[in-house]
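Chain residues, written in single-letter form:
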Amino acid sequence: MTQAIENNTLDIDELDRRIIMATQSGLPVVAEPYRQIADHLDIPTQLLMDRLNAMKQDHRIRRIGVVPNHYKLGYTANGMSVWDVDDAIINEVGEQLGQLDMVTHCYQRPRFLPEWSYNLFAMVHGHNHEEVLDKVDQIASLLGDKAHKHDILFSTKILKKTGLRLKDKG
Amino acid sequence: MDQLDKDIINTLQYDFPVCERPFARLAETLNSSEDELINRVQNMLDSGLLTRFGPMYNAVNMGGALSLCAMKVPEDQFDQITEQVNAFAEVAHNYQRDHEMNMWFVLATETQQDLNDTLNAIEKTTGISVYNMPKEKEFFVGLHFKA
């Protein structure tokens, strides 16, 4: 079951901010990781877990888990597929794309007419260039006339890559 | 990478439990032991097979602003413009792509105002228009990478 996340922003209080600062670079790999963080913050473990669960609930946390290096897993090719879909059916189509294997991100974005008519972006990964092209062809067949046109943009060079970090406001 | 490593990757991409002894709980479903799982995850982090372990925060829902931006950069100015764009700390990722819009970068700032200011500054510095494409909606993805 997929669902869309609206772009609403939420206030974060001081404790949430401290929790984010303490965990945004990762959890310790120990038997009681939450306890270790809670001790560091000088708060009860249960309070930390409650706050983390609350942030999962309202999508400030997407999920808690691991991120594999997809290159090391053999997924060395990726293409940004872009689709021109009627706004009226974009939720349906976006959810359909999100369900597909190897689609790691799926977003609705604004068009810039007339030069850029694509409003749905899906990142497609594969073991090689051909696999990504095949996958995009499969998506095109699946969508049929729900997509007026599509394109795929392969990255030719990583120009910069740094992590997203919340700045310490002190 | 053996079957247990694959099972760990395939399981932990989705959900790491929030409880006192999460590895002990996972050991039950993965038919392993708490110590074994801790060793495996640490080893995979050390070897670079895993790049992260922990909560993935959603910058926009935390009050920050995030946007994907594109530019049409003339080929003969590409290196120079790359340097100018990358010099902005707010530029988190930047990729060259095989399209007329050949530079795609992600801007991450604490506020929407910072994002707008940065966009304007990039346009002023480079003399090139920026197509600002913030996400209007995000669709959850059903599957992650199969190890």
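These numbers come from a predicted model, not from an experiment.

1. Section: the overall build of chain B
Check the secondary structure of chain B and you find five helices and six strands. Ordered by position from the N terminus, the helices and strands of chain B form the series α-α-α-β-β-α-β-β-α-β-β. Summarising its shape, the C-alpha atoms of chain B cover approximately 60 × 30 × 25 Å along the three principal directions. For chain B, with 147 residues in total, the buried portion stands at 31%. Contacts in chain B between residues far apart in sequence, at least 24 positions, make up 55% of those at least 6 positions apart.

2. Describing the overall build of chain A
Each helix and strand in chain A was counted, giving five helices and six strands. In chain A, the succession of α and β elements from N to C terminus is β-α-α-α-β-β-α-β-β-α-β. Out of the 170 residues belonging to chain A, those deemed buried represent 31%.

3. A word on the domain arrangement of chain A
In many analyses, interface size is given as the accessible surface area lost on bringing the parts together. Taken as a whole, chain A is organised into domain 1 (14-57) and domain 2 (77-154). Centre-to-centre, using C-alpha coordinates, domain 1 of chain A lies 36 Å away from domain 2 of chain A.

4. Describing the confidence of the model for chain A
All names here are of chain A. Averaged over all residues, the pLDDT of chain A equals 87, while 88% of them reach at least 70. At the low end of the mean pLDDT range in chain A sits strand β1 (residues 4-5), at 40; at the high end sits helix α2 (residues 33-41), at 98. Segment residues 1-10 is flagged for pLDDT under 50; beyond a separation of four residues in sequence, or across chains, it makes 23 contacts in the model.

5. Focus: the interface of chain B and chain A
Each partner contributes to the interface: chain B provides 59 residues, whereas chain A provides 71 residues. Sorting the residues of the side of chain B that touches chain A by element identifies α1 (3-12), α2 (22-30), α3 (34-47), β1 (50-57), α4 (78-86), β3 (91-97), β5 (131-133) and β6 (137-139) of chain B as the ones contributing at least two each. Among the elements that make up the side of chain B that touches chain A, the one with the highest residue count is β1 of chain B (eight residues). Residues that form the side of chain B that touches chain A fall into these classes: 32 nonpolar, 15 polar and 12 charged. Relative to β6 of chain B, strand β4 (residues 103-108) of chain A is paired through two bridges, and the arrangement is antiparallel.

6. Quick look at the domain arrangement of chain B
For chain B, the assigned domains read domain 1 (3-47) and domain 2 (60-133). Computed from C-alpha atoms alone, the centre-to-centre distance between domain 1 of chain B and domain 2 of chain B is 38 Å.

7. A short note on the packing of α2 of chain B against α3 of chain B
Helices that pack against each other are described as a pair by the angle of their axes relative to one another and the distance between those axes. Residues and elements named next belong to chain B. Between α2 and α3, the least distance of the axes is 8 Å, while the angle of their chain directions is 100°. Considered as vectors, α2 and α3 are oriented roughly perpendicular to each other. Contact with α2, carried on its side by Phe23, Ala24, Leu26, Ala27 and Leu30, involves Glu34, Leu37 and Ile38 of α3 and no other residues of that element. Residue classes in the contact of α2 with α3 are distributed as seven nonpolar, no polar and one charged.

8. Here we look at the nonpolar core
Leu48 of chain A together with Val41 and Phe53 of chain B are the most contacted members of the largest nonpolar core, which has 24 residues in total. Going through the elements one at a time, α2, α3 (45-57) and β2 (61-68) of chain A together with α1, α2, α3 and β1 of chain B are the ones with two or more residues in this core. Excluding residues that lie within four positions of it along the chain, valine 41 of chain B makes contacts with Val29 of chain A together with Ile8, Leu50 and Phe53 of chain B. The next biggest cluster of nonpolar side chains, apart from the first, holds 23 residues, and it includes Val82, Val85, Phe121 and Leu153 of chain A.

9. Here we look at the environment of methionine 103 of chain B
Residue and element names in this part refer to chain B. Tracing the backbone through its elements, the reader meets methionine 103 in strand β4 (residues 103-109). A sequence separation of 21 residues divides methionine 103 from threonine 82, and the C-alpha atoms of the two residues are 8.3 Å apart. Every residue in contact with methionine 103, bar those within four places of it in the chain, is listed here: Ala70, Met71, Val73, Ile81, Val85, Asn94 and Gln96.

Cut-offs used in this document
Residues numbered from 1 in each chain as written. Chains lettered and ligands numbered in written order. Predicted model: local features only at pLDDT ≥ 70, side-chain atom pairs only at ≥ 80, totals over all residues. Helix = DSSP H or I, 4+ residues; strand = E, 2+ residues; numbered from the N terminus. Buried ≥ 20, exposed ≤ 12 C-beta atoms within 10 Å, placed from the backbone. Contact = placed C-beta atoms within 7 Å. Domains from an automatic or database assignment. pLDDT = per-residue confidence, 0-100. Nonpolar A, V, L, I, M, F, W, Y, C, P; charged D, E, K, R; others polar. Pairing = 2+ DSSP bridges. Axes fitted to C-alpha atoms, helices over the stretch in contact; angles between N-to-C directions. Parallel < 35°, antiparallel > 145°, perpendicular 65-115°, else oblique. Core = buried A, V, L, I, M, F, W, Y, C linked by C-beta atoms within 7 Å.

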